[in-house]
There are 2 protein chains.
Amino acid sequence: MKEWIDAYEERDWQTTTDGTVRYALLGLGWWTIDLALPAIRDSDLGEVTTFVSSSTEKAERLADENGVDHGISYDEFHEGEAAGAYDAIYIGTPNAFHLEYAETAADLDKAILCEKPMESTVERAREMVEVCDDADVPLMIAYRMQTDPAVRRAKELIEDGFIGEPVSVYGNNSQPLLEMNPNTDQWRLNPDLSGYGTSVMDLGIYSINTTRFLLDREPQAVQAQMSAHAEAFEDVPDERSGALLALEDGIKMVTTDSQNAHDDTQLKITGTEGQIQLNPAFHGKAKLHLSRNGTTITVEHEEFDAEDEMREEFDYFADRVLTDGEIFPDGHHGLQDMRIIRAIHEAAESDDIVEL
Amino acid sequence: MKEWIDAYEERDWQTTTDGTVRYALLGLGWWTIDLALPAIRDSDLGEVTTFVSSSTEKAERLADENGVDHGISYDEFHEGEAAGAYDAIYIGTPNAFHLEYAETAADLDKAILCEKPMESTVERAREMVEVCDDADVPLMIAYRMQTDPAVRRAKELIEDGFIGEPVSVYGNNSQPLLEMNPNTDQWRLNPDLSGYGTSVMDLGIYSINTTRFLLDREPQAVQAQMSAHAEAFEDVPDERSGALLALEDGIKMVTTDSQNAHDDTQLKITGTEGQIQLNPAFHGKAKLHLSRNGTTITVEHEEFDAEDEMREEFDYFADRVLTDGEIFPDGHHGLQDMRIIRAIHEAAESDDIVEL
């Protein structure tokens, strides 16, 4: 037990402590400025040299305010401005713009860390994979749960037989989006920018991807129900969604997600011999609950918030870029989530089961 | 808050404290002897006068051991033996025998408290409803969650707008059946005795019925996946099951159930403004979690176990029998659960959505 606790935060993925990856950050919203920037500054292997935004003026102003060397516009980025100042880009823009920045980065031979979901459609995500494969540039999708210690320890325990055979999975990710950002014109409610919808693309992806990572099993077929009720959600199909996913080995997975509901995240994996829960599960709050043989252990780790999650993610990415190592959540891995999300939307539209 | 706690166990359903219902108990397994019998003895309005079992000898022996006046066989029960000694019967036998005992009780003009699920098939359940309606005898299905204070207080809060509009529901009920009873020939694994299957009939019914009671909304369509893996489950389709239920008003409900998994029960209702959870939910362990506006209250009530749940249920039944009052979980209410469970099985068999 002592050894387990002391090794809780261990970076079992780390292969180097040498070198620095210099980043250009694209999409200067609160997420990038308030979380990604401090996370990289707190990381061992990263530094931010360049800000990219809608206008040179805005980029320069924010670069100045935040002590970053270069501030350039998206147009300047596409023209290769300041390209000597960074080794990698972090894409934190609306989904439907990810591809064009990845294309330019591939042209410029830069590594890419792209927020999830990786694009707005399967086709555009596939194009991103091809572009990066062709240019032979590293592409990682920013699934920060995969470097969260709670998730990595859960995965080790599952692989060690802690829960026996996995039987069922439940994932929920709900939040009151309009309380967090009252603007009803925001991109998450605009399918041209977000893609298939809002709740599964933006929230459900956490349950889906974390389960794929934890169990190393893929969904084989999905069924789903979606609906929109409030006026702000009239352009998207999934203010609310529920899905049933048939995973390999007969594992039954159920999910609910909503952008217009009480804040709650939970991921629960029940097996023949035990159960592992993340509750809360996502957004830098992961708490681990381990049950087996009549005993439940709850693991709380101080100060592991969303910024810490981001720091681990950036150092994992930098570790792989610096060593030319294999990236687990690469473009192919992210593309599979896009296929699953599209299938969930198709299933909800048709009331049919959709095979994957 | 003080008033709320002091009224937590209040029997808001009680209409009389006078009178006694004398019971014959059918099906003398551990549930009846160890839980139903002491629950009735602890109740205000009930007393046990008669035991009914497979043979006169066994019934007499158990009656003797437990200080009960009469011990008769099922044959003797059907012949009206000792019928003057009881006013009501409690049916705790395997599902597929419920109807025949209800028929005799109706003939004998006795009130009926019948364990859930009410029978093995929709057709037999409907027959029970008709028989009892025709004979004008009270029929209650033993949904003891409906008189559990945690559930009743949750229902009041939901009706008072605590969670806003209901958005999603998650229910899980799993247990390691063969650890609880290692006999692989037990009736719960035999479709001739249990009905459509084992996990949804025996466990899933808790999530389904408690949600119907709490939200006062019915499922309109269901989708489901089931599978059997271990040898002991070869005759039933649902060692494991997952279901997606579309409830009225766009509420998405997801459930998982298994008779061969880690012991776990949870029922979580998420709304636009709050969340109410029973976690654990069932089997006399209900703990209430109330979340709203960033605050969560956890309500633990001492000594409210399965026997207490049964006591409340028996006194509710007796109250209605003695006053000729309306029974909420009556045969028609129980029949609807049978329809829902059949639809879940049909959906799993066909991979299609099944409308209700």
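Refer to the structure above for everything that follows.
This structure is a prediction, so every number in the text was calculated from the model and none was measured.

S.K.: Before we go on, may I ask you to explain the interface of chain A and chain B in this structure?
M.R.: How big an interface is tends to be stated in terms of the accessible area lost upon association of its parts. The partner chain B presents 44 residues to the 44 residues of chain A that form the contact. Buried area between chain A and chain B, summed over both chains or domains, comes out near 3,200 Å², and the portion from carbon and sulfur atoms is 56%. Ranking the residues of chain A by area buried against chain B places Arg240(A), Lys252(A) and His262(A) at the top, with a combined share of 20%. The shortest N-O distance in the salt bridge between Lys268(B) and Asp264(A) comes to 2.6 Å. Listed by contribution, the elements that provide at least two residues to the side of chain A that touches chain B are strand 7 (166–176), strand 8 (219–227), strand 9 (240–247), strand 10 (251–258), strand 11 (260–271), strand 12 (274–278) and strand 13 (288–292) of chain A. Of all the elements, strand 11 of chain A adds the most residues to the side of chain A that touches chain B, at eight residues.

S.K.: Teacher, can you tell me more about the layout of surface pockets here?
M.R.: Over the atoms, a rolling probe the size of a water molecule traces out where space has been left empty. The space that makes up the largest pocket amounts to roughly 1,300 Å³. Those elements giving two or more residues to the lining of the largest pocket turn out to be strand 11, strand 12, strand 13 and strand 14 (295–299) of chain A together with strand 11 (260–271), strand 12 (274–278), strand 13 (288–292) and strand 14 (295–299) of chain B. No other element matches strand 11 of chain B, which puts five residues into the lining of the largest pocket.

S.K.: Sorry if this is basic, but what is going on with the sheet that holds strand 12 of chain A here?
M.R.: Two pairing modes exist for strands in a sheet, parallel and antiparallel, and in both the strands are linked by backbone hydrogen bonds. Residue and element names in this part refer to chain A. Ordered in space as 14-13-12-11-7-10-9-8-15, the nine strands form an open sheet in which the pairing is mixed. Because the sheet does not close on itself, it has two edges, and the strands there are strand 14 and strand 15 (354–355). Note: strand 11 against strand 12, four bridges, orientation antiparallel. Within strand 12, the residue paired with Ile 269 across the bridge is Ile 276.

S.K.: How should the pairing of strand 8 of chain A be read in this particular structure?
M.R.: For a regular strand, side chains alternate in direction, first toward one face of the sheet and then toward the other. Residue and element names in this part refer to chain A. In terms of residue burial, strand 8 counts as a mostly covered element, since eight of its nine residues are buried. Alignment of strand 8 against strand 9, held across eight bridges, turns out to be antiparallel. Residue pairing across strands places Ala 221 opposite Ala 246, the latter belonging to strand 9. Judged from the two bridges that link them, strand 8 and strand 15 form a sheet pairing that is antiparallel. When the bridges of strand 15 are listed, Ala 221 appears paired with Glu 355.

S.K.: Just to check I follow, could you spell out the relation of the copies chain A and chain B for this structure?
M.R.: The pair of chain copies shares a relation made of a rotation about an axis and a shift along it. Laying chain A over chain B is done by rotating through 180° and shifting 0.0 Å along the axis; what remains is an RMSD of 0.0 Å. Look at the turn and shift together and you get a two-fold axis relating the two. When you check the interface residues of chain A against chain B, 100% turn up at the interface there too, and the contact is symmetric in its surfaces.

S.K.: Explain the nonpolar core here, please?
M.R.: Side chains of a nonpolar character, in soluble globular proteins, are inclined to be buried together. Judged by nonpolar contacts, the single largest core of 73 residues is most densely connected at Ile89(B), Ile112(B), Met118(B), Ile276(B) and Ile344(B). Both domains that furnish three or more residues to this core are identified here as domain 1 (11–144) and domain 2 (145–303 + 331–355) of chain B. The residues contacting Ile89(B), other than those within four sequence positions of it, are Ala24(B), Leu26(B), Phe77(B), Tyr101(B), Ala105(B), Ala111(B), Ile112(B) and Leu113(B). Counting 72 residues, the second-largest nonpolar core is a separate cluster that includes Ile72(A), Phe162(A), Met226(A) and Met338(A).

The rules behind the values
- Residue numbering note: each chain is counted from 1, following its sequence as written.
- The naming scheme follows written order: chains are lettered A onward, ligands numbered 1 onward.
- A pLDDT threshold of at least 70 governs which residues receive local features in this predicted model, and a stricter bar of 80 or more applies before side-chain atom pairs are shown or counted, although totals over entire chains, interfaces and linings include all residues.
- The basis for the side-chain values is all heavy atoms of the structure; hydrogens and waters are excluded.
- We call two residues in contact when some of their heavy atoms are within 4.5 Å.
- The term buried area means the drop in 1.4 Å probe accessible area that two parts suffer when joined, counted for both and summed.
- Within this document, salt bridges are pairs made up of a side-chain nitrogen of Lys or Arg and a carboxyl oxygen of Asp or Glu, the two lying within 4 Å of each other.
- For helices the rule is a DSSP run of H or I covering at least 4 residues; for strands it is a run of E covering at least 2, with both sets numbered from the N terminus onward.
- Both site types are read off a 1 Å grid over the protein atoms alone. A 1.4 Å probe that fits but cannot get out defines a cavity, while an open set with protein on both sides within 12 Å along at least five of seven lines defines a pocket; lining residues have an atom within 4 Å of a point.
- Grid points are joined across faces, edges and corners, and a volume is the space filled by probe spheres set on the points.
- DSSP calls a pair of strands paired once it identifies at least 2 bridges connecting them.
- Between buried and exposed lies partly exposed: a residue is buried under 20% and exposed over 50% of the maximum accessible area for its type, with that area taken using a 1.4 Å probe on protein chains only.
- Only residues with pLDDT of at least 70 in both copies contribute their C-alpha atoms to the least-squares superposition of the copies.
- By nonpolar core we mean a set of buried residues, namely Ala, Val, Leu, Ile, Met, Phe, Trp, Tyr and Cys, connected to one another through side-chain atoms within 4.5 Å.
- Residue ranges labeled as domains rest on an automatic or database domain assignment.

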